[in-house]
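# Observations on the three-dimensional arrangement
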Amino acid sequence: QVYDTNFSFAYINSVYQKAFGSPIPFSTLIKQPVQATFQEQLVYKNQEKYKEGVKLTVENHYLVPIKKSGLVVFIGEKDGYGKTVIIQQMDGIDVWYGGLSDVHVKLYDYVEEGSLLGEVKDQSLYLVFKKEGTILDYQDYLS
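This text gives an overview of the structure that appears in the document. No experiment lies behind these values; they were computed from the predicted model shown.

The secondary structure content of the protein amounts to 1 helix and 11 strands. Start at the N end of the protein and walk to the C end: the helices and strands fall as α-β-β-β-β-β-β-β-β-β-β-β. For the protein, contacts bridging at least 24 residues in sequence account for 61% of all contacts bridging at least 6. Surface exposure of the protein reaches about 9000 Å², of which carbon and sulfur atoms provide 52%.

Below you can see the structure in the form of C-alpha cells.
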C-alpha cells in the first residue's frame, strides 16, 4: 500500500515520552541515566543556495549537530548530496543533512537537538528542509 501523507513518528514519540516518561519502555532496567556529552549549535563560515536547499561551508572534520529533536527516517545516498540522513522533526519538517562522511545515528533513532549526527570531512554540509513533500526556504530555518 502506498501512503501519500506523512505520519509524524517524532510527534508520536514525544507524546509517548510525555505520557510514560521515556521513549524506551524498559528504561527502569538501565542502571545509570544516559547523559549527552555533545551539545552544540550549527556553525558555518558561508552559505549558498544548492539544488533544493543550501550548501554550508564548515571546518574540516566538522562534527554535525542536530538542529531539532526528531526521528531518523532515512540513512543512505542521495543524488548530488552524497551520504545523507533525514530527520523528521516534531514540527513535521524533514531535514536532510547531506555530504556526511560518518554517521553516528541509526535508522529510527529518536535524536535530541544539539546531539551528534555525524561528521563532514570536506567542508561542505548540505541541508534541505521539506514539509509534506514541499521544499521550504532554507533561510527561514538557519539560525
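Turning next to the pairing of strand E5 (residues 82–89). Each regular strand carries side chains that alternate between the two faces of the sheet. The buried count for E5 comes to 6 of 8 residues, which makes it a mostly enclosed element. Here strand E4 (residues 70–78) runs beside E5; their pairing, made up of 8 bridges, is antiparallel. Paired with leucine 71 across the two strands is glutamine 88, which belongs to E5. The loop that links E4 with its antiparallel partner E5 comprises 3 residues; one of these, glycine 80, has a positive phi angle of about 85°. Bridge count for E5 against strand E6 (residues 93–98) is 5 bridges, and the pairing is antiparallel. Within the sheet, the bridge partner assigned to threonine 84 lies in E6 and is glycine 98.

The next thing to look at is the packing of aromatic side chains. Enumeration according to the criterion identifies 5 aromatic pairs in this entry. Measuring from ring centre to ring centre gives 4.6 Å for tyrosine 50 and tyrosine 126, while their planes differ by 40°; the resulting arrangement is tilted. On the criterion of sequence distance, the pair formed by tyrosine 50 in strand E1 (residues 46–50) and tyrosine 126 in strand E10 (residues 124–131) is long-range, its members being 76 residues apart. When the centroid spacing of 5.2 Å and the interplanar angle of 20° are considered together, the rings of phenylalanine 129 and tyrosine 141 count as stacked. A residue pair is termed long-range when its members are at least 10 positions apart, and phenylalanine 129 in strand E10 and tyrosine 141 in the segment after strand E11 (134–135) qualify at 12 residues. Phenylalanine 129 gets classed as buried once you look at its relative accessible area, which sits at 2%. Among the aromatic residues, those joined into a ring-pair cluster are Tyr50, Tyr81, Trp96 and Tyr126.

On to the nonpolar core. Judged by nonpolar contacts, the single largest core of 24 residues is most densely connected at Tyr97, Leu117, Leu125 and Leu127. Breaking this core down by element, the ones donating at least two residues are strand E2 (53–57), strand E3 (62–65), E5, E6, strand E9 (116–120) and E10. Apart from the residues lying within four places of it in its own chain, the contact partners of leucine 117 are Val64, Ile66, Val85, Ile87, Tyr97, Leu100, Val103, His104 and Val105. Listed in part, the 5 residues of the second largest apolar core include Tyr81, Ile86, Trp96 and Val128.

Let us now look at the pattern of salt bridges. Following the criterion strictly, the structure yields 4 salt bridges and no others. A salt bridge links glutamate 59 to lysine 45, with the nearest nitrogen and oxygen atoms 3.4 Å apart. You can see glutamate 59 sitting in the loop between E2 and E3 and its partner lysine 45 sitting in the loop between helix H1 (9–20) and E1, a full 14 residues away along the chain. On the basis of relative accessible area, glutamate 59 is assigned to the partly exposed category, the value being 47%. You can call lysine 45 exposed: its relative accessible area is 52%. Among the ionic pairs, aspartate 102 bridges to lysine 121, the shortest N-O distance being 3.9 Å.

Procedures and definitions
Residues numbered from 1 in each chain as written. Predicted model: local features only at pLDDT ≥ 70, side-chain atom pairs only at ≥ 80, totals over all residues. Heavy atoms only, no water. Helix = DSSP H or I, 4+ residues; strand = E, 2+ residues; numbered from the N terminus. Contact = heavy atoms within 4.5 Å. Areas by Shrake-Rupley, 256 points an atom, 1.4 Å probe, with all protein chains shown as cover. Buried < 20%, exposed > 50% of the residue type's maximum accessible area, 1.4 Å probe, protein only. Pairing = 2+ DSSP bridges. Phe/Tyr/Trp six-rings, centres within 6.5 Å; stacked < 30°, edge-to-face > 60°. Core = buried A, V, L, I, M, F, W, Y, C linked by side-chain atoms within 4.5 Å. Salt bridge = Lys/Arg side-chain N within 4 Å of Asp/Glu carboxyl O.

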